[in-house]
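One-letter residues, chain by chain:
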Amino acid sequence: QQPVQSPQAVILREGEDAVINCSSSKALYSVHWYRQKHGEAPVFLMILLKGGEQKGHEKISASFNEKKQQSSLYLTASQLSYSGTYFCGTEPGDYKLSFGAGTTVTVRA
Amino acid sequence: SQTIHQWPATLVQPVGSPLSLECTVEGTSNPNLYWYRQAAGRGLQLLFYSVGIGQISSEVPQNLSASRPQDRQFILSSKKLLLSDSGFYLCAWSRGQGAWEQYFGPGTRLTVT
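Rules and cut-offs
- Residues numbered from 1 in each chain as written.
- Chains lettered and ligands numbered in written order.
- Predicted model: local features only at pLDDT ≥ 70, side-chain atom pairs only at ≥ 80, totals over all residues.
- Heavy atoms only, no water.
- Helix = DSSP H or I, 4+ residues; strand = E, 2+ residues; numbered from the N terminus.
- Buried < 20%, exposed > 50% of the residue type's maximum accessible area, 1.4 Å probe, protein only.
- Areas by Shrake-Rupley, 256 points an atom, 1.4 Å probe, with all protein chains shown as cover.
- Rg over C-alpha atoms; globule rule 2.2 N^0.38 Å.
- Contact = heavy atoms within 4.5 Å.
- Lys, Arg positive; Asp, Glu negative; His and termini not counted.
- Charge placed at Lys NZ, Arg CZ, Asp CG, Glu CD.
- 1 Å grid on protein atoms, 1.4 Å probe; cavity = no way out; pocket = protein on both sides within 12 Å on 5 of 7 lines; lining within 4 Å.
- Points joined across faces, edges and corners; volume = space filled by probe spheres on them.
- Nonpolar A, V, L, I, M, F, W, Y, C, P; charged D, E, K, R; others polar.
- Pairing = 2+ DSSP bridges.
- Axes fitted to C-alpha atoms, helices over the stretch in contact; angles between N-to-C directions.
- Buried area = accessible area lost by both parts, 1.4 Å probe.
- Salt bridge = Lys/Arg side-chain N within 4 Å of Asp/Glu carboxyl O.
- Polar contact = N/O pair within 3.5 Å; in protein donor to acceptor, adjacent residues only side chain to side chain.

Asker: It is not clear to me how the overall build of chain B should be interpreted in this structure. Could you clarify?
Answerer: Across its full length, chain B holds 0 helices and 11 strands. Across chain B, helices and strands are ordered from the amino to the carboxyl terminus as β-β-β-β-β-β-β-β-β-β-β. Summarising its shape, the C-alpha atoms of chain B cover approximately 40 × 25 × 20 Å along the three principal directions. Expressed as a percentage of the 113 residues in chain B, the buried residues total 48%. Here chain B displays about 5,300 Å² of accessible surface, and carbon together with sulfur accounts for 52% of that area.

Asker: How should the overall build of chain A be read in this particular structure?
Answerer: For chain A, the helix and strand inventory stands at 0 helices and 11 strands. Counting from the amino terminus, helix and strand elements in chain A follow one another as β-β-β-β-β-β-β-β-β-β-β. In terms of C-alpha radius of gyration, chain A reaches 13 Å, essentially the compact-globule figure of 13 Å for 109 residues. C-alpha atoms of chain A, sized along the principal axes, occupy 40 × 25 × 20 Å. The buried share of chain A, taken over its 109 residues, is 47%. Sequence separation of at least 24 residues holds for 54% of the intrachain contacts in chain A that already meet a minimum separation of 6. Accessible surface, chain A as shown: approximately 5,500 Å² in total, 47% of it carbon and sulfur. Each charge class in chain A was averaged separately, 11 positive and 9 negative side chains, and the resulting centres sit 5 Å apart.

Asker: Would you mind going over the layout of surface pockets with me for this structure?
Answerer: By volume, the largest pocket is sized at about 430 Å³. Taken together, 21 residues make up the lining of the largest pocket; nearest its centre are Gln36(A), Gln38(B), Ala40(B), Gly41(B) and Arg42(B). Taken together, the elements giving at least two residues each to the lining of the largest pocket come down to strand E9 (84-91) and strand E11 (103-108) of chain A together with strand E9 (87-94) of chain B. Residues of the lining of the largest pocket, tallied by class, amount to 5 nonpolar, 12 polar and 4 charged.

Asker: In this structure, what is going on with the side chain of Gln69(A)? I would like to understand it.
Answerer: The topology assignment puts Gln69(A) in the loop between strand E7 (60-65) and strand E8 (70-75). Residue contacts for Gln69(A): discarding those within four places in its chain leaves Cys22(A), Ser23(A), Ser24(A), Ser25(A), Lys26(A), Ala27(A) and Leu28(A).

Asker: What is the right way to read the sheet that holds strand E7 (residues 64-70) of chain B from this model?
Answerer: Within a sheet, each strand pairs with its neighbour through backbone hydrogen bonds, oriented either parallel or antiparallel. Residues and elements named next belong to chain B. Ordered in space as E1-E3-E8-E7, the 4 strands form an open sheet in which the pairing is antiparallel. A single partner strand is all that each edge strand has here, and the edge strands are strand E1 (3-7) and E7. Adjacent strand axes in the sheet meet at a mean angle of 20°, parallel and antiparallel pairs treated alike. Relative to strand E8 (residues 73-78), E7 is paired through 5 bridges, and the arrangement is antiparallel.

Asker: Help me understand the sheet that holds strand E3 (residues 18-23) of chain A in this model?
Answerer: All names here are of chain A. What the 4 strands build is an open sheet, ordered E1-E3-E8-E7; its pairing is antiparallel. Only two strands of the sheet have a single neighbouring strand rather than two, namely strand E1 (4-6) and E7. Across this sheet, the average inter-strand angle for adjacent strands is 15°, counted without regard to direction. Judged from the 6 bridges that link them, E3 and E8 form a sheet pairing that is antiparallel. Within the sheet, the bridge partner assigned to Ala18 lies in E8 and is Leu75.

Asker: Explain the interface of chain B and chain A to me, please; I cannot follow it from the model alone.
Answerer: It is common to give the size of an interface as the accessible area that goes away when the parts come together. Contact residues are listed per partner, giving 22 residues for chain B and 22 residues for chain A. Interface area for chain B against chain A, summed over the two sides, is near 1,700 Å², with a carbon-plus-sulfur share of 61%. Counting across the interface, chain B meets chain A through 1 salt bridge. Among the salt bridges present, the one from Lys96(A) reaches Glu59(B), with a minimum N-O distance of 3.2 Å. At the surface where chain B touches chain A, the tally comes to 3 residue pairs in polar contact (both at pLDDT 80 or more). For the side of chain B that touches chain A, the elements supplying multiple residues, two or more each, are strand E4 (32-38), strand E5 (44-52) and E9 of chain B. Sort the elements by how many residues they give to the side of chain B that touches chain A and E4(B) lands first, with 4 residues.

Asker: For this particular structure, what's the right way to read the side chain of Ser50(B)?
Answerer: Residue and element names in this part refer to chain B. Mapped onto the elements of the fold, Ser50 is located in strand E5. Of the residues examined, Ser50 reaches a relative accessible area of 0% and is grouped as buried. From its side chain, Ser50 meets the backbone oxygen of Gly52 in a polar contact 2.9 Å long. For Ser50, the side chain forms a polar contact with the side chain of Arg68, separated by 3.0 Å.

Below is the structure:
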């Protein structure tokens, strides 16, 4: 079942912060975050595992609340390069990801 | 390092024609392989995944099929394309055994006319 992402879109000025939320109705083993630029393939940002382990991007952080099946991605001090569509992918333990509809982030100078 | 290739990059096909998209991975062995479809402005829909040669799981009933004839080769096929098959097709790989990040190929943009 597809996770729910919010907001659908956000516009930022350089240096501002934003939070993208991802919520699932199923128990999760891991949550993945990807960013996609227009016309390109998604690029891996971060994976959060049940139990607290994280792997990923240096400048982008995320949290995973296992009990609530929710994850948040934090864009801090945004840069122009952060623009794109962010997808969360949720995985219940069977190696298959269900992706949200995406959050479009636009960072302006 | 690992790389993933997909071809062709773009394809325009008439309704009712066959389809074959190919994906190959280099630099790793026994990867998990995935086919996704992305409609314009939408999220990614998992179509097929494979944990080994000849092992294919289908996620969505449709007129598409997948095969894995070699460890690092994944093929998406159709005997007769429908208009609704248009979209951006992405192949991805991940390490097996556990929760690993997925790496996507460059994609094939398919337009069925």
